[in-house]
Amino acid sequence: MGLRDRFNSFSGGTRFVVSRVFVHLVGQDVAPLLGVLNQAVREVMEADGDMQVLGEQLAQVCDRLLEYETFWRSAANEGDVTWDEGEAGDYVSDLFTDSAGRYGSSIDGASGEPTNGASSNGVNGDEDWTIPITQNLVVILTVAFEGEVPELETSLADVEALNAGLKALINLHHRGTLRAVQIHFSPAQIGDDLPSDQLIEHFPELIPL
Amino acid sequence: MACSLAWTTAACSFSQDYPASDAPAQPPSQQTQDTPLAAPTPLSDGTYPVQQATYDDGLGEYSLMLLNAPSGQSLFRSAELPLARLTDEEITAGKSSELRVENGTPALYLTPDFRIEYVHNVTETQADPQTGQDEVVIVRRESNFWTPFAGAMAGQAIGSLLFRPQYYIPPVYQSGVGLSGYGGYGRSYNDAVSRYQSRYNAPPVAYRNRQFRSSGRLRSTVGGSPRIPSTNTRVNTNRPSGSGVGNSDLRRNDRPNQQARPSNRGFGSSRRSAPRARPRMRRRR
């Protein structure tokens, strides 16, 4: 703890931590996870972004990611600590913009494709043999919380650390200290692909586990 | 709900403030959203007497019924509308509450007794009968009124500032009791939010609701109301598809050119000189 940190903690200021975690999974068996992710964001949309619902869905996604540990291929994380709430808020907002910029937003083709139903029906589509199954899946989880969580404030680019980090995210929800939550993932649905060249181009920070 | 309105927008182009033309929040329980997008044409400079004003605390949005407005523009909506009190001289001279637009910037000038209709959204956490999961729904809306400049109340703290347009956030809602005065005020919306927050130790509900963002394949909505319809949904980018949602109840500084992040207290897998840096690669398979 630096001098300034110590001063801030004595003076009773609130410590804000902003943390973003990338998890990259590989394999045909990861496709069902897309159903989980789409279900999660749909719940959030239906609740108009209610923070409690977001926290629940974050915990749910982390839980399922932990089950898929054998498919983790690479990961990355970044974050910062601040005593200025506004600064944390700005950082969170910038991270959303950056995360969303990693993937495209166009629904081109998708609206006319028969596979479009997968986005609203979750995993129903994976029984359709004609749908190509993505090999790569990237999940980006961003949180801001109050306090200190050493499991997250470190490098998560190794399997044990990532495991502990995801569990710490779940605990944050139950502890009620979350102040911001973002869930992003690419590709958007079963039937879409995230080819390896795009993975390298848009997620350059990923470090092999 | 509002998602049924099909439109999308570039994933990285979300702005943080929402155009005045946004429709008000619809209760999430509603299945359809039939409010058409208001014409984005801004009101031209001038003074428009206000017949009726409504504030919806779900999104913190004002809806004004204006007199003398060009046809089709008599309903004015804005989420960030500064308020000011008419001076006693103006009131003696017979002025009544009005919307003034100067250089394209609207401000609402009110008499001290003007009652803004206040629509309060009562939310409840209920279990979805189909999935058994808890979800937050607007169970009903209560109607009340808010007099921002009633009596001496508002005047004490800010004095002559009352007569300059400023952003106001209503006080904490109490069922069945008319609201008067303010919960926060400031020269910018964010100042008002931050004063509110230091007073009540929590940001206003409307502010929390407004930070909700979604991106990518999701039909983007904010607080249940559709945003700018995209004119070009087919952008040929070499980008994978994706979806994202996020919300925050953190205040923001909205500093344009934030200093480099992360700071020296930053952490993460790509921190090259971080004191806590760990071996970066540990192949597992």
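Here is what the cut-offs are and how they apply
Residues numbered from 1 in each chain as written. Chains lettered and ligands numbered in written order. Predicted model: local features only at pLDDT ≥ 70, side-chain atom pairs only at ≥ 80, totals over all residues. Heavy atoms only, no water. Helix = DSSP H or I, 4+ residues; strand = E, 2+ residues; numbered from the N terminus. Buried < 20%, exposed > 50% of the residue type's maximum accessible area, 1.4 Å probe, protein only. Contact = heavy atoms within 4.5 Å. Areas by Shrake-Rupley, 256 points an atom, 1.4 Å probe, with all protein chains shown as cover. Axes fitted to C-alpha atoms, helices over the stretch in contact; angles between N-to-C directions. Parallel < 35°, antiparallel > 145°, perpendicular 65-115°, else oblique. Nonpolar A, V, L, I, M, F, W, Y, C, P; charged D, E, K, R; others polar. Expected span 1.5 Å × (residues − 1). Polar contact = N/O pair within 3.5 Å; in protein donor to acceptor, adjacent residues only side chain to side chain. Left-handed = near helix turned anticlockwise from the far one by under 90°. Core = buried A, V, L, I, M, F, W, Y, C linked by side-chain atoms within 4.5 Å. Pairing = 2+ DSSP bridges. Phe/Tyr/Trp six-rings, centres within 6.5 Å; stacked < 30°, edge-to-face > 60°. Lys NZ or Arg CZ within 6 Å of the ring centre and 35° of its normal.

**Looking at the overall build of chain A**
The helix and strand inventory of chain A stands at 7 helices and 5 strands. Each helix (α) and strand (β) of chain A, taken in turn from the N terminus, gives the series α-β-α-α-β-α-α-β-α-β-α-β. Taking all 209 residues of chain A together, the buried fraction comes to 65%. Put simply, 87% of the contacts in chain A that link residues at least 6 apart link residues at least 24 apart. As displayed, chain A offers around 7,500 Å² of accessible surface, 50% of which is attributable to carbon and sulfur atoms.

**What to know about the packing of helix H2 (residues 31-46) of chain A against helix H3 (residues 51-67) of chain A**
A packed helix pair is summarised by two numbers, namely the angle formed by the two axes and the spacing between the axes. Residues and elements named next belong to chain A. Packing of H2 against H3 brings their axes to within 9 Å, and their N-to-C directions diverge by 175°. As summarised for this structure, H2 and H3 are arranged roughly antiparallel, according to the angle between their axes. Contacts from Leu-33, Val-36, Leu-37, Ala-40, Glu-43 and Val-44 in H2 reach Val-53, Leu-54, Gln-57, Val-61, Arg-64 and Leu-65 in H3. Taken together, the residues of the contact of H2 with H3 sort by class into 9 nonpolar, 1 polar and 2 charged.

**Focus: H2(A)**
All names here are of chain A. Look at H2: 23 Å from first C-alpha to last across 16 residues, which is about the 22 Å you get at 1.5 Å a residue. Counting buried positions along H2 yields 12 of 16 residues, so the element is predominantly enclosed. What H2 keeps buried is the set Ala-31, Leu-33, Leu-34, Gly-35, Val-36, Leu-37, Asn-38, Ala-40, Val-41, Glu-43, Val-44 and Met-45. Looking one or two residues beyond H2, the residue adopting positive phi is Asp-48, at roughly 55°.

**Regarding the side chain of Ser186(A)**
As for its position among the elements, Ser186(A) is in strand S4 (residues 178-186). Of the polar contacts made by the side chain of Ser186(A), one reaches the backbone oxygen of Ser241(B); its length is 2.5 Å. When neighbours within four sequence positions are excluded, Ser186(A) is seen to be in contact with Tyr103(A), Asn136(A), Leu137(A), Val138(A), Leu194(A), Phe203(A), Pro240(B), Ser241(B) and Gly242(B).

**What to know about the packing of H3(A) against helix H6 (residues 159-175) of chain A**
All names here are of chain A. The interhelical angle for the contact between H3 and H6, taken along N-to-C directions, is 155°, at an axis separation of 9 Å. Considered as vectors, H3 and H6 are oriented roughly antiparallel to each other. Between H3 and H6 the crossing geometry is left-handed. Counted together, Gln-52, Gly-55, Glu-56, Leu-58, Ala-59, Cys-62, Asp-63, Leu-65 and Leu-66 of H3 and Asn-163, Leu-166, Lys-167, Leu-169, Ile-170 and His-173 of H6 form the full contact between these two elements. Class assignment of the residues belonging to the contact of H3 with H6 gives a composition of 8 nonpolar, 4 polar and 3 charged.

**Quick look at the nonpolar core**
Ranked by internal contacts, the top residues of the largest apolar core, which has 54 residues, are Leu25(A) and Leu141(A). The set of elements that each furnish at least two residues to this core consists of strand S1 (16-26), H2, H3, strand S2 (72-82), strand S3 (136-146), H6 and S4 of chain A. Formed by 28 residues, the second largest nonpolar core is a distinct cluster that contains Tyr55(B), Ala69(B), Leu108(B) and Ala206(B).

**Some remarks on the pairing of S1(A)**
All names here are of chain A. Burial analysis of S1 places 11 of its 11 residues in the buried class, the great majority of the element. Burial of the side chains of S1 extends over both faces: Phe-16, Val-18, Arg-20, Phe-22, His-24 and Val-26 are buried on one face and Val-17, Ser-19, Val-21, Val-23 and Leu-25 on the other. Judged from the 10 bridges that link them, S1 and S2 form a sheet pairing that is antiparallel. Note that in S2 the partner of Val-18 across the bridge is Asp-80. By the bridge criterion, 11 bridges tie S1 to S3 in an arrangement that is antiparallel. Looking at the pairing, Phe-16 lines up with Glu-146 of S3.

**Topic: the packing of aromatic side chains**
When we look at a pair of aromatic rings, we describe it by the centre distance and by the angle of the planes. Applying the stated criterion to the full structure yields 11 aromatic pairs over all chains. Between Tyr68(A) and Phe71(A) the ring centres are 5.8 Å apart and the planes differ by 45°, which places this aromatic pair in the tilted class. Judged by relative accessible area, Tyr68(A) falls into the buried class, the value being 11%. For Phe71(A), a relative accessible area of 22% puts it in the partly exposed group. Ring centres 4.9 Å apart and planes at 65° place the aromatic pair Tyr55(B) and Tyr62(B) in the edge-to-face group. Take Tyr62(B): its relative accessible area is 2%, and that puts it in the buried class. An aromatic cluster of three or more residues is present, and its members are Tyr55(B), Tyr62(B), Tyr118(B), Trp146(B) and Tyr173(B). The positively charged end of Arg100(B) is found above the aromatic ring belonging to Tyr109(B), 3.7 Å away from the centroid.

**Some details on the environment of Gly176(A)**
All names here are of chain A. Examined against the element boundaries, Gly-176 turns out to sit in the loop between H6 and S4. Judged by relative accessible area, Gly-176 falls into the exposed class, the value being 59%. Taking C-alpha positions, Gly-176 is 8.8 Å from Gln-52, a pair spaced 124 residues apart along the chain.

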